[in-house]
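Listed below are the residues making up each chain.
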Amino acid sequence: MDARVKEANLDPVTLEVIRNALPAISNEMAADLQRTSYNMMIYEVRDYCTALVDVNGDLISQNVGGVSHFVADLGVLITDGVKRYGANGFKPGDVLITNHQAVAGQHLNNVAIYVPCFFEGELMMFAIVRAHWVDIGGLSTGFGAGPDVADPWLEGLQLDQLKIYDDGKPDETLYRVIRDNIRFPESSLGDMKSQIAACRLGVRRMEELYRKYGRPTVVAAIAQIAEETQTKCRNVVSALKDGVYQAESSFDDDGVLKDDPVRIHAKVTIARGSMTIDLSGCSRERKAAINSRTLAGARVAYKAITAPLEPVNEGSFRALNVIIPEGSIMMARYPAPMVNWSSIVPTVVDTILTALAPAMPDRVPAAHHALLGGAVVFFGVDPKTGRRFVVQSLEGGGWGGRPSEDGESGTVSVCQGDVRNGSIEGIELKCPVLVESRELRTDSGGAGRFRGGLGIDLTVRNLVEGRWNLNQPRRVKCAPWGLWGGAPGGTAAYLLGTPGRNEWDMVDASRHPVPAHSRVVVRTGGGGGWGKPVARDPKRVQWDVVEGLVSREAARERYGVVLNEANEIDEAATRALRQRLEAQAAGA
Amino acid sequence: MLVVAIDIGGTFTDLMAFDDRTGRFSDSKALSTPNRLVDGIINCIRKSGLESGEIDELIHGSTTAINTLIEKKGAKTGLLVTQGMRDVYIIGRGNRPESYNLFFHKHRPLVPRHLTLEIKERLLASGEVLEPLDTASVETAANFLKDKGVEAVAVCFIHSYVNPDHERRTGEIVRRILPNAYVSLSHEILREYREFERMSTTVVNAYIGPVVGGYVHSLKNSLADIGFRGELTIMQSNGGVMTPEVATARPVAMMESGPVGGIIASARFGVALGYKNVISFDMGGTTAKASLIKDGETTMAPGYYVGGYASGQPVMLPLVDVVEVGAGGGSIAWIDEVGALKVGPHSAGADPGPICYRGGGTEPTITDANVLLGRLDPNQFLGGEMKLDAQGAADGIKTKVADALNLSTVAAAEAIVDIANAKMSLAVREVSVAKGYDPRDFALVASGGAGPVHVCAIARDLHVPTVIIPLFPSNFSALGMLVADERHDYTRTYYTDLTNVDFTHLVRVYEEMVEQAGAGLRRKSSAQYQVHLDLRYVGQEFTLSVPVTLEQLKAGDKQGIRTAFDRLYEHRYAHHSPEEPVEIINVRVAALGKKPQLEFPRLGPAGQAKPARTRKAYFAEAGRETECPVYERAELGAGAKFSGPALIQEHGTTTVMMEGDVCTVAQTGELIIRIRGE
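Residues numbered from 1 in each chain as written. Chains lettered and ligands numbered in written order. Predicted model: local features only at pLDDT ≥ 70, side-chain atom pairs only at ≥ 80, totals over all residues.

1. A closer look at the overall build of chain A
The cut-off we apply is this: The numbering of helices and of strands both runs from the N terminus, where a helix is a DSSP run of H or I of at least 4 residues and a strand a run of E of at least 2. The atom set for the radius of gyration is the C-alpha atoms, and the globule formula is 2.2 Å times the number of residues raised to the power 0.38. Between the buried cut of 20 or more and the exposed cut of 12 or fewer other C-beta atoms within 10 Å of a residue's own C-beta lies the partly exposed class, and all C-beta atoms are placed from the backbone. This entry defines residue contacts through backbone-placed C-beta atoms, with two residues in contact when those atoms are within 7 Å.
A tally of helices and strands in chain A yields 15 helices and 19 strands. Rg of the C-alpha trace for chain A: 25 Å, near the compact-globule value of 25 Å for 588 residues, within the 12% margin. Along the three orthogonal principal directions, the C-alpha set of chain A runs to about 80 × 65 × 40 Å. Out of the 588 residues belonging to chain A, those deemed buried represent 59%. Pairs at least 24 residues apart make up 73% of the contacts formed inside chain A by residues separated by at least 6 positions.

What follows is the structure, given as structure tokens:
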């Protein structure tokens, strides 16, 4: 037992009460932020995290339900801030702002605000909120900046650990610099206000906790909780067979340098309860803006297999060792461009999980669509009102089949938790577009004993001229893969139909100008299948056909299930066809 | 007037009656009859000895609606949607609230995809027709559903909240082709934007409609058979009651009516005692529930997810805002794999129940801990009808908790109770502190079999100065139903900048809504209407409901409305932006049919409170076993006053007062407890 625990005489009741109180504080911060924020990236996409981090950068608690790839990645910001200002360099009324990529390692839109928490004059920790601002200046608004944005200066305003409030006094100069260098300042500065309010709320709640239980008790409880969390995770890994497990996947290219695949490789070593995830085999940093500095891929995968439903704290990752060398695509050196910093992370997660499949066959699904959207981004100026508008939504795709059930359809990636698509009526109320359909794509789910979920086709007609972001997803050659004989899911794409043209075009561009009444299909991928398709219960295949999720042709060709016009199973033909397919597979 | 409330619970059907001519309460209890709930109701009336023909009003709270959905026993349902929108209901919002769970489930649709059909029609957000309704496509769809043997049809078109014409005409055609089907049109259920949530609410309504309709019908018949000639009313989730006709058309409105009776009662009796601001705290066998009442009014939530946020079905009808935690008398105490003591959310329920119930339970529960600490008397449980096994409770706590933690059995029992109290305190905090209210400005009203046992400890934890133990705390929900008013809530999306509002038009919309909401009221002549506007700063998504008056709307009082919004925002979030533009999203109208107030009896003259006996009990503050006075509640007269530690015994529960707490008995019989005598 930790020495501090004994000293503080931590009883089981107090420990349990504090264990419940800490995540409740982060969640209350999150609820406050979400309900007062101004941009849909926060209130709908929940592209934020709220947390308490101690002076050493250790995570005390983080909100549940936000974007998953923000897991426990705030410590580096605090460590850096403390290094710059010194442990004595903070005052109770300070508010700091930062998004600088040398440390933060994400796109500049992700602006972190943090506030020190003091108790009886001593700096105890920081309350911190990172949130996606709708605009940060630079080349284009929102997601407008594509993989071709070559450096951080093109991307936008860089804020490097600045005090926007010093000892309670706002820095008007800094405030004006920000206001004058971003689009939609009323929105982003409104969000900043909400971030500050959420941090102050967290600080207030921590002060109450210290007052109630005393400083040594709270400190001891935090240490004990992290310790227990670590033990729980270690126990899960201990049950796995020691060994080295590997898997590999790729992106077709990085969006700038064509025909040069971006390699993703995971080597996972399990040894007596410890896990090492070595991502050294991944691509080096790129000229395209898909770089980052993040452990998120490894951490999300580890969390998903160890303690998916438990709150996060520093102990969640103590038994995990992550290796990513400096200069790797996920440990890129400043000023490598990072606009699309998180775009590869879901694929990294899938690759790690796939590596582990032989070690835990009953707990790893086939690959999911792994893209952060179906991102729907269309912007312009509404000629009727003269106001700028941005249409934003994230459409989900299919998830992989699982060891005992089908994958879910039309659901956001593993890196996006409680991210909701834009309501069609809400979009049309605010922006001059018509959403013509949001539908599941028949046959896009990978065939398998347990089928992959389906991808979506969202069709939007813009009623006024404007610009679309149509950066093609780059997971076509390496489609969402199946597991244990399952087939891959359908791949994603953007299709553009301009007035007067009878064909869909595969434009690959950011900020692509289009005339009024153009139509865009935002297509998301399906999930891979789990297990051999011919092992799927014919009745399930039949039901999928009745439901229109699988076509009658695919039932025959992929699953070997023969249905007549009335969708009745021809049992004899099915048996024969399945035997033939099995034999073919064995022969191949 | 003889009014009777009947509340169906999982185990028992409770009856509570009051006759204001004689000033007499009566009550009875019968086992619930899950397969034929109506039988349980009739049994309960028979057992009460009341003359059916003399009952003026019978108010009924039923779990039929929610159970039909949870047990998936609803009708075979079809869904008609705008072209291109077939999968909106299946896809939902595409989110995964359990971020790291690879085995997550999204909501499970109640309508299969092949019974979801697209109709050729399209409206714009302004309500203008982009593509007229193709009635032939409706006929084709309706005939297809008829062939498939569909019993209920939901219709939900894009932007129908602003222009319901297409839905209305579609409804007419469907009713013509499927005359026996139950039909729900989305604009009749919820005229609010966000198509998935509106669609889900409409589908739920259609899915449970035939079952609930049949239930209400058979209840009416069975009551008529035993001679009932009075008015039948049904409890709703919004804290009001409705006629059987409205219940048949909007069964989704009764989904969460279970917990609201006690909250209505808390509001009513709080006000009667001079406490307008109270927090209702109800603790039963499996969960504890908290709900906040401000200025005598319950707080409302705009909707909820049946089965939980992560995988549940959205039902976006206003309901009384309740926070529920998994801590009830039957909640199990356990040690997790790293040696931490946990309480709940698993519950021993009624079967096998806590160890002390002798029903075969082996896991220690909160009730077992209370028995061990002497707070519950093993010989007086349910008026002595049930003798509890105190030794079994002690043994269970020792082997399952105390030994593992290296604590004495008493310390382990205290730890169990303390952890449960802390959990429940979080629930009370969530309805108050998290919404900008200071619990110190409120009184706690405790109900449920376990509420009065724990409430004083929770009040201490949150510095709540006053606790009220009402009459009949273990029958409080039925008591609340006796006093509930009629209430209908209607919401309509009305999207515009506050600076550009056409108030003349807004008043017209208000009048339309009043007509719609008032139509279902039995007591139209005395109806009152409340208006709220859902407002937000331009660019935000979430709104705050701001109360306004009809006079403000008629006078076009933008500034007054704006100021009220800024003030509410500041109160809720501790900051506001007076310079930012504000927009209106929804208009909310609540129609209230106020019921004549019942005159409840007063207690006999004050007498000196005398303990009936003493009992050994443990209190952490005393640090040892104390000889604690026990009062019989039935013997306490008005004005009686005494201090804690004390136990107040009554039929369904025991009130536990700590050292220093001071109890005074109100004229109407409630116990008013000043925590620490403050």
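2. A word on the overall build of chain B
Looking only at helices and strands, chain B features 17 helices and 35 strands. Against the compact-globule benchmark of 26 Å for 678 residues, chain B has a radius of gyration of 26 Å, which places it among compact chains. Counting only C-alpha atoms and orienting by the principal axes, one finds that chain B spans roughly 80 × 60 × 55 Å. When the 678 residues of chain B are sorted by exposure, 54% land in the buried category.

3. Concerning helix α11 (residues 390–405) of chain B
All names here are of chain B. Going by this rule: An expected span of 1.5 Å times one less than the residue number is assigned to each helix. Each residue is assigned a bend, namely the angle between axes fitted to the seven residues that terminate at it and the seven residues that start at it.
Taking 1.5 Å of rise per residue, 16 residues should cover 22 Å, and α11 covers 21 Å from first to last C-alpha, within 8% of that figure. Of all bends in α11, the biggest is about 45°, found at K398. Of all the positions in α11, only G392, A393, A394, G396, I397, V401 and A402 are classed as buried. Following α11 by one or two positions, N406 has its phi on the positive side, about 60°.

4. A look at the domain arrangement of chain A
Here is the rule we go by: The domain limits used here are those given by an automatic or database domain assignment.
Per the domain assignment, the segments making up chain A are domain 1 (3–229), domain 2 (365–531) and domain 3 (538–587). The gap between the C-alpha centroids of domain 1 of chain A and domain 2 of chain A is 31 Å.

5. Let's talk about the packing of helix α8 (residues 185–213) of chain A against helix α9 (residues 215–238) of chain A
Residue and element names in this part refer to chain A. Inclusion rule: In this analysis an axis means a line fitted to C-alpha atoms, helices contributing only their contacting stretch, and an angle means the value between N-to-C directions, from 0 to 180 degrees. Geometric relationships in this document are graded by angle, where less than 35 degrees denotes roughly parallel, more than 145 denotes roughly antiparallel, 65 to 115 denotes roughly perpendicular, and other angles denote oblique. Gly counts as polar in this scheme, as do all residues outside two lists: the nonpolar Ala, Val, Leu, Ile, Met, Phe, Trp, Tyr, Cys and Pro, and the charged Asp, Glu, Lys and Arg.
In contact at an axis separation of 6 Å, α8 and α9 are set at 115° when each is read in the N-to-C sense. Between α8 and α9, the crossing angle belongs to the class labelled roughly perpendicular. Every residue of α9 that contacts α8 at L209, Y210 and Y213 is listed here: R215, T217 and V218. Within the contact of α8 with α9, the residues separate by chemical class into four nonpolar, one polar and one charged.

6. Let's talk about the sheet that holds strand β32 (residues 646–649) of chain B
All names here are of chain B. Heads up, the condition is: Strands pair, by our definition, only if DSSP identifies at least two bridges between them.
Strand order in the open sheet made by the four strands is β29-β30-β32-β33, with mixed pairing throughout. Sheet topology places β29 (613–619) and β33 (654–657) at the edges, where each strand pairs with a single neighbour. Neighbour to neighbour, the strand axes of the sheet diverge by 30° on average, direction disregarded. Relative to β32, strand β30 (residues 624–632) runs parallel, the two being bridged by three bridges. From the neighbouring strand, E632 faces β32, where its bridge partner is Q649.

7. Digging into the interface of chain B and chain A
If you look at the interface, chain B gives 54 residues, while chain A gives 61 residues. Elements that contribute at least two residues to the side of chain B that touches chain A include exactly α3 (88–91), α7 (195–225), β22 (341–347) and α12 (409–431) of chain B. A per-element tally of the side of chain B that touches chain A places α12 of chain B first, with six residues. Looking at side-chain class alone, the side of chain B that touches chain A contains 28 nonpolar, 11 polar and 15 charged residues.

8. With respect to the confidence of the model for chain A
The predicted structure's coordinates, where accompanied by low pLDDT, should not be read in detail. Inclusion rule: Think of pLDDT as the predictor's per-residue confidence, scored from 0 to 100.
With 97% of its residues at a pLDDT of 70 or more, chain A shows a mean pLDDT of 93. Note on residues 1–6 of chain A: pLDDT is under 50 here. Beyond four places in sequence and across chains, it has 11 contacts.

9. Description of the domain arrangement of chain B
Domain annotation for chain B reports domain 1 (486–593) and domain 2 (613–666). If you average the C-alpha positions of domain 1 of chain B and of domain 2 of chain B, the two centres end up 47 Å apart.

10. Some thoughts on unusual backbone geometry
Cis geometry marks the peptide bond from G344 of chain B to P345 of chain B, where omega comes out at 0°. Mapped onto the secondary structure, P345 of chain B falls in strand β22. In this chain, G644 of chain B is followed by P645 of chain B through a cis amide linkage whose omega measures 0°. Tracing the chain through its elements places P645 of chain B in the loop between β31 (641–643) and β32. The backbone of Q161 of chain A shows a phi angle near 55°, a positive value even though the residue is not glycine. If you trace the backbone, Q161 of chain A turns up in the loop between α6 (152–155) and β6 (162–166). The phi angle at W484 of chain A is positive, at roughly 55°, despite the residue not being glycine. Position of W484 of chain A among the secondary structure elements: in the loop between β16 (466–470) and β17 (493–497).

11. Focus: the nonpolar core
Heads up, the condition is: The term nonpolar core means buried Ala, Val, Leu, Ile, Met, Phe, Trp, Tyr and Cys residues held together as one set by C-beta atoms within 7 Å.
Ranked by size, the top nonpolar core spans 350 residues in total, and within it I113, I128 and I352 of chain A together with V153, I416, L444 and V467 of chain B carry the most contacts. If you tally residues by element for this core, the top one is α12 of chain B, at 14 residues. In this structure I352 of chain A touches A266, V268, I277, G297, A298 and A301 of chain A, once residues within four positions along its chain are discounted.

12. A word on the packing of helix α9 (residues 260–272) of chain B against helix α14 (residues 476–483) of chain B
Residue and element names in this part refer to chain B. Using the following cut-off: Should the near helix be turned anticlockwise from the far one by less than a right angle, the crossing is left-handed, and should it be turned clockwise, the crossing is right-handed.
Contact pair α9 / α14: the axes reach a minimum separation of 7 Å and the direction vectors enclose 65°. If you check the angle between α9 and α14, you find them roughly perpendicular. With respect to the hand of their crossing, α9 and α14 are arranged in left-handed fashion. Every residue of α14 that contacts α9 at G261, G262, I263, I264, A265 and R268 is listed here: F476, S477, A478, L479, G480, M481 and V483.

13. Quick word on the sheet that holds strand β8 (residues 243–251) of chain A
All names here are of chain A. Read from one edge to the other, the open sheet built from four strands follows the order β8-β9-β10-β11, with strand pairing classed as mixed. The open sheet terminates on both sides in strands that have one partner only, identified here as β8 and β11 (320–323). For this sheet the average axis-to-axis angle between neighbouring strands, irrespective of direction, equals 15°. The pairing of β8 with strand β9 (residues 262–271) spans nine bridges and is antiparallel. When the sheet's bridge partners are listed, S249 is paired in β9 with I264. Where helix α11 (residues 345–356) meets the sheet, its contacts fall on β8, β9 and β10 (274–278), and the angle it forms with β8 comes to roughly 145°.

14. Quick word on the confidence of the model for chain B
With 99% of its residues at a pLDDT of 70 or more, chain B shows a mean pLDDT of 92. Scored by ipTM, the complex comes to 0.94, with pTM at 0.92.

15. Quick word on the environment of P109 of chain B
One can find P109 of chain B in the loop between α3 and β6 (116–119). Not counting residues within four places of it along the chain, the set of residues in contact with P109 of chain B comprises Y89 and I90 of chain B.

16. Focus on the environment of C415 of chain A
Residue and element names in this part refer to chain A. Its location among the elements puts C415 in the loop between β13 (388–394) and α12 (424–430). For C415 and A493, which are 78 residues apart along the polypeptide, the C-alpha to C-alpha distance reads 20 Å. Ignoring any residue separated from it by four or fewer positions in sequence, one finds C415 in contact with V67, S68, H69, V300, S342, V345, P346, V349 and L372.

17. Considerations on the environment of I91 of chain B
You can see I91 of chain B is positioned in helix α3. For I91 of chain B, a count of 25 C-beta atoms within 10 Å translates into the label buried.

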